[in-house]
Amino acid sequence: MTAPSQSPSDNPAEQRPNQHGDFIWYDLMTTDAAAAKKFYGALLGWTFQDSGQDGMAYHVISAKDQSIGGLMPISAEMSAGGAQPCWMGYINVDDVDAAAKALKSAGGTVHRQAWDIPGAGRMAFVADPQGAMFYIMKPTPPAGNPNAVSTAFSYDTPMVGHCAWNELATTDQDAAIAFYTGLFGWRQEGDMDMGPMGKYKFLYQGEKMLGAVMNKPEEMPVVMWSYYFRVPSIDAALETIKAHNGQVLNGPDEIPGGEFTVSCLDPQGAPFALVGAR
């Protein structure tokens with residue numbers, strides 16, 4: 001993990017400073033870093049750069065010139081502990097230690113207590129009461145850029161290669177909504193009827209929609225956050241996924257506004273999703 005150091009977005013006038021409760025970074029843990037770079041580079045146009053962190057094989061993911069996340073191999077120790085290929089989101093907090101304490105009091109779990117990475121920030125690895133895992137982080141601004149803003153999740157304007165949607169599949173919607181709104185200041189407003197699957201309930205951070213909470217489908221093995229990355233063409237992305245040994249699980253499905261989504265697995269088995277036009 002390295003400190004978010006994005007350049008201004010394509011629409012700087014709409015940019016705002018990161019706030020407590022913002023998604024600011026996304027990590028991929030994988031069993032084959034070289035293969036994952038090849039796959040996501042072809043699919044999303046990402047580039048990868050060694051972070052230079054001592055004793056840690058961590059590569060920063062960039063969409064054009066803006067860093068949006070990181071990639072790290074699953075070590076033998078991590079694998080022995082049950083780690084599987086996956087994506088993890090980072091949520092910005094004002095105080096990591098206070099947030100971890102509040103999270104635990106609200107029924108969440110602190111899997112790794114707060115620690116510091118020089119030049120990056122302070123973070124903790126946590127889970128909500130239903131078991132969905134994520135990081136909380138207070139980043140250290142890059143040298144010479146104290147007002148750096150993360151656009152890893154693009155609130156304001158569509159940005160290819162950036163996350164466009166954060167979706168929680170859970171076993172208890174009401175409890176999850178109470179947990180996240182209480183901890184991060186989010187609010188739940190509006191929903192969409194999904195028939196037998198129940199309501200798809202939208203989440204906001206301030207005036208910006210950040211994602212939604214849904215009931216976990218039976219075929220989904222665990223409660224989890226899913227992250228939707230933006231592509232310019234869903235059909236082109238589908239061809240790239242097939243050509244590079246990925247797997248499409250669902251879709252394309254049309255969503256309100258006329259775009260389409262697909263849910264996928266990368267070649268190493270990490271779930272992810274895409275959103276874009278046809």
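Residues numbered from 1 in each chain as written. Predicted model: local features only at pLDDT ≥ 70, side-chain atom pairs only at ≥ 80, totals over all residues. Heavy atoms only, no water.

Lay out the sheet that holds strand β5 (residues 86-92) with the relevant residues and their values.
Taken together, 8 strands build an open sheet; the order of strands is β2-β3-β4-β1-β5-β8-β7-β6 and the sheet is mixed. Of all strands in the sheet, those with a lone pairing partner are β2 (46-50) and β6 (109-117), marking the two edges. On average, each strand axis in the sheet is tilted by 25° relative to the strand beside it, whichever way the strands run. Pairing between strand β3 (residues 59-63) and strand β4 (residues 66-73): 5 bridges, direction antiparallel. What sits directly across from His59, in β4, is Leu71. Running at roughly 145° to β2, helix α1 (residues 33-44) makes contact with β1 (23-30), β2, β3, β4 and β5 of the sheet. In the packing of helix α4 (residues 173-184) onto the sheet, the strands contacted are β5, β7 (121-127) and β8 (133-139), and the crossing angle to β8 comes to about 5°. (Pairing = 2+ DSSP bridges. Helix = DSSP H or I, 4+ residues; strand = E, 2+ residues; numbered from the N terminus. Axes fitted to C-alpha atoms, helices over the stretch in contact; angles between N-to-C directions. Contact = heavy atoms within 4.5 Å.)

Hey, could you go over the sheet that holds strand β14 (residues 247-254) for me, with residue numbers and the actual values?
Strand order in the open sheet formed by 8 strands is β10-β11-β12-β9-β13-β16-β15-β14, and the pairing between neighbours is mixed. Strands at the two margins of the open sheet, each flanked by one partner only, are β10 (187-193) and β14. Averaged over all pairs of adjacent strands, the angle between their axes in this sheet comes to 25°, without regard to strand direction. Here 5 bridges tie β14 to strand β15 (residues 260-265), and the two strands are oriented antiparallel to one another. Across the sheet, Gln247 pairs through a bridge with Leu265, a residue of β15.

Explain the pattern of salt bridges to me, and be specific about the residues and the numbers.
Evaluated as defined, the whole model comprises 7 salt bridges. Here Arg122 makes a salt bridge to Asp97, at a shortest N to O gap of 2.8 Å. With Arg122 in strand β7 and Asp97 in helix α3 (residues 96-105), this pair connects stretches of sequence that are 25 residues apart. A relative accessible area of 38% places Asp97 in the partly exposed class. A salt bridge links Arg187 to Glu189; the shortest N-O distance between them is 2.9 Å. Classification of Arg187 as partly exposed rests on a relative accessible area of 27%. Glu189 gets classed as partly exposed once you look at its relative accessible area, which sits at 42%. If you follow the salt bridges from partner to partner, you end up with Asp97, Asp116 and Arg122 in one network. (Salt bridge = Lys/Arg side-chain N within 4 Å of Asp/Glu carboxyl O. Buried < 20%, exposed > 50% of the residue type's maximum accessible area, 1.4 Å probe, protein only.)

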